[in-house]
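Reading the structure
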Amino acid sequence: MTADATIVRAGAAVVDITPPAGLAMSGYSARTSPATAAHDPLTARALVVNDTAIVAVDVCGLHEDTCERVRRNVVTAAPHLTSVVVTATHTHGGPAVVPGRLGGPVDPTYLARLESACVEAVLAADRSARRVTVWFGVGTDPGVARNRRRPDGPTDPTLPVLRFVDEAGQVVAVVTSYACHPVVLGPRTTVWTADYPGVVRRELERAVPGSVALFLTGCCGDANTGHSASASIVGTGGPSRTFPTCERLGRRIAQAALDADTRPVSGPTGGRHAGVELALGDGSCWRGRVSVLTWAGVRVVAFPGEPFAATSLAVRAALPGPALVLGYADGCPGYLPPREEYAHGGYEVEEAHLYYGMPAAFAPGCAEQLLDTALRLATTDSTVLA
């Protein structure tokens with residue numbers, strides 16, 4: 001153990017959630033056929049750090065009610081886990097699991113299996129937890145993400161990397177995050193796939209034997225690998241939306257993460273969350289939550305829905321110190337553009353709520369409300385954290 005590093009209790013686990021062929025897929029309105037086979041496994045991957053936990057699931061999104069049931073069942077079985085975040089990787093190669101949103105129909109038997117798998121993953125991670133130090137670094141921008149709405153639009157190039165290392169020098173878990181839509185594979189793909197996050201995790205685990213790799217998808221509502229949102233809407237595959245491209249880009253991100261100079265960090269560990277009510281354009285509202293986990297001083301800011309890169313850049317500018325900023329956490333009700341994006345219109349602002357099954361798009365100011373909530377949680381006196 002490094003003398004100046006904070007020691008925490010951490011464990012990680014993986015549970016396979018690959019569905020059978022024949023279930024509806026989620027992610028593209030242009031794709032109407034069910035899955036025909038599995039290309040690579042879909043998983044629920046959990047990391048427990050002291051009294052906090054996060055579970056990342058290979059689906060396009062999760063309903064906030066699903067996330068609440070998972071949290072409730074985890075706390076019932078393990079009451080010491082008081083801060084639990086349930087997030088989706090946002091792969092568009094997974095099953096429909098959000099009742100009323102993101103395509104369907106949803107198979108209730110599979111949804112129940114998925115929820116149980118999330119709980120199982122967290123509890124298994126908790127059982128395996130041991131004393132570790134936390135190492136943090138930032139990899140070089142892999143240059144994969146592009147703003148899909150406009151050439152001058154921002155992206156978040158940050159590639160944070162966390163390693164949890166036990167007393168014997170074994171890496172228990174490797175966590176990385178990147179803000180790019182997992183849509184390398186287009187609407188013509190009818191096989192289950194975790195898209196590029198699956199490649200990133202596989203390569204990290206190959207390079208760090210014995211570890212569990214987690215990929216946490218960043219704020220990428222306006223970022224993908226270079227095609228427009230309309231290309232997916234009309235069902236265009238494109239010559240680059242192939243599994244070889246997915247392999248190449250996933251390996252590039254993984255290599256950048258492996259090359260990151262990680263160093264031991266110290267600080268508090270704990271978690272906070274706050275409820276939010278976000279206004280929709282029709283006068284109704286959506287209720288959800290924002291969470292901030294802190295692992296040895298590293299903040300994990302978890303937003304619901306699909307925030308844009310500008311939101312994560314604003315978090316990084318406002319918060320000193322190491323941070324991971326992710327979307328798709330504890331509910332996925334649609335795109336959350338910052339105010340300045342409404343003038344540009346486009347799919348994310350004007351049309352996406354129809355595919356999401358929402359009564360209207362989110363009103364201007366919702367992204368800023370999420371940002372303010374996260375900053376308030378992150379800057380509350382850290383001495384109250386365990």
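Anything mentioned here points back to the structure above.
Quantities reported herein were computed from a predicted structural model and do not represent experimental measurements. (Residues numbered from 1 in each chain as written. Predicted model: local features only at pLDDT ≥ 70, side-chain atom pairs only at ≥ 80, totals over all residues. Heavy atoms only, no water.)

1. Examining the side chain of Glu115
Mapped onto the elements of the fold, Glu115 is located in helix H2 (residues 108-127). Look at Glu115 and you get buried, because its relative accessible area is 13%. (Helix = DSSP H or I, 4+ residues; strand = E, 2+ residues; numbered from the N terminus. Buried < 20%, exposed > 50% of the residue type's maximum accessible area, 1.4 Å probe, protein only.)

2. Thoughts on unusual backbone geometry
Across the junction of Gly104 and Pro105, the peptide omega takes the value 10 degrees, indicating a cis bond. Mapped onto the elements of the fold, Pro105 is located in the loop between strand S7 (94-95) and H2. Residue Leu102 is not a glycine yet carries a positive backbone phi of 60 degrees. With respect to the helices and strands, the residue Leu102 is situated in the loop between S7 and H2. Not every positive phi belongs to a glycine, and Tyr328 is a case in point at roughly 65 degrees. Tracing the backbone shows Tyr328 in the loop between strand S20 (323-326) and strand S21 (335-336). Taking relative accessible area as the criterion, Tyr328 reaches 0% and is therefore assigned buried.

3. Things to note about the packing of aromatic side chains
Considering all chains together, one arrives at five aromatic pairs under this definition. With a centroid separation of 5.9 Å and 75 degrees between ring planes, the pair formed by Phe164 and Trp295 is classed as edge-to-face. In this pair, Phe164 is assigned in strand S10 (residues 159-166) and Trp295 in strand S17 (residues 285-295), connecting sequence segments 131 residues apart. Exposure class is identical for Phe164 and Trp295. Each is buried. Members of the aromatic cluster, each reached through a chain of ring pairs, are Tyr335, Tyr347 and Tyr356. (Phe/Tyr/Trp six-rings, centres within 6.5 Å; stacked < 30°, edge-to-face > 60°.)

4. Let's talk about the pattern of salt bridges
Summed over the entire model, instances satisfying the criterion amount to 23 salt bridges. In this structure, the salt-bridge partner of Arg150 is Glu341, at a minimum N-O distance of 2.4 Å. Of the two residues, Arg150 sits in the loop between strand S9 (146-147) and S10 while Glu341 sits in the loop between S21 and helix H7 (347-350), which places them 191 residues apart along the sequence. A relative accessible area of 16% places Arg150 in the buried class. Salt bridges sharing partners connect three or more residues here, namely Arg148, Arg149, Arg150, Asp152, Glu341 and Glu348. (Salt bridge = Lys/Arg side-chain N within 4 Å of Asp/Glu carboxyl O.)

5. Here we look at the packing of helix H6 (residues 309-318) against helix H9 (residues 366-379)
In the contact formed by H6 and H9, the axes pass within 10 Å of each other and the chain directions differ by 30 degrees. With respect to H9, the element H6 is oriented roughly parallel. Where H6 crosses over H9, the handedness of that crossing is right-handed. Together, Thr311, Ala314, Val315 and Ala318 of H6 and Ala367, Leu371 and Leu375 of H9 make up the contact between the two elements. (Axes fitted to C-alpha atoms, helices over the stretch in contact; angles between N-to-C directions. Parallel < 35°, antiparallel > 145°, perpendicular 65-115°, else oblique. Left-handed = near helix turned anticlockwise from the far one by under 90°. Contact = heavy atoms within 4.5 Å.)

6. Observations regarding the sheet that holds strand S18 (residues 298-302)
Here we have four strands laid out as an open sheet, ordered S16-S17-S18-S20, and mixed in their pairing. Each edge of the sheet is formed by a strand with only one pairing partner; in this case those strands are strand S16 (270-279) and S20. Mean inter-strand twist for the sheet, computed between neighbouring axes without regard to direction, equals 15 degrees. Of the pairings in the sheet, the one linking S18 to S20 comprises four bridges and is parallel in character. Counterpart to Ala302 in the pairing with S20 is Leu326. The sheet strands contacting H9 are S16, S17 and S18, and the helix crosses S16 at an angle near 160 degrees. (Pairing = 2+ DSSP bridges.)

7. Let's talk about H2
For H2, built from 20 residues, the straight-helix expectation of 28 Å at 1.5 Å per residue is met to within 8% by its first-to-last C-alpha distance of 29 Å. Buried within H2 we find Tyr110, Leu111, Leu114, Glu115, Ala117, Cys118, Val119, Ala121, Val122, Leu123, Ala125 and Asp126. In this structure, the buried residues of H2 make contact with strand S1 (7-16), strand S4 (43-49), strand S5 (52-57), helix H1 (64-77) and S7. Backbone nitrogen of Thr109 and a side-chain oxygen of the N-cap are separated by 3.0 Å at the start of H2; the cap is Asp107. (Expected span 1.5 Å × (residues − 1). Polar contact = N/O pair within 3.5 Å; in protein donor to acceptor, adjacent residues only side chain to side chain.)

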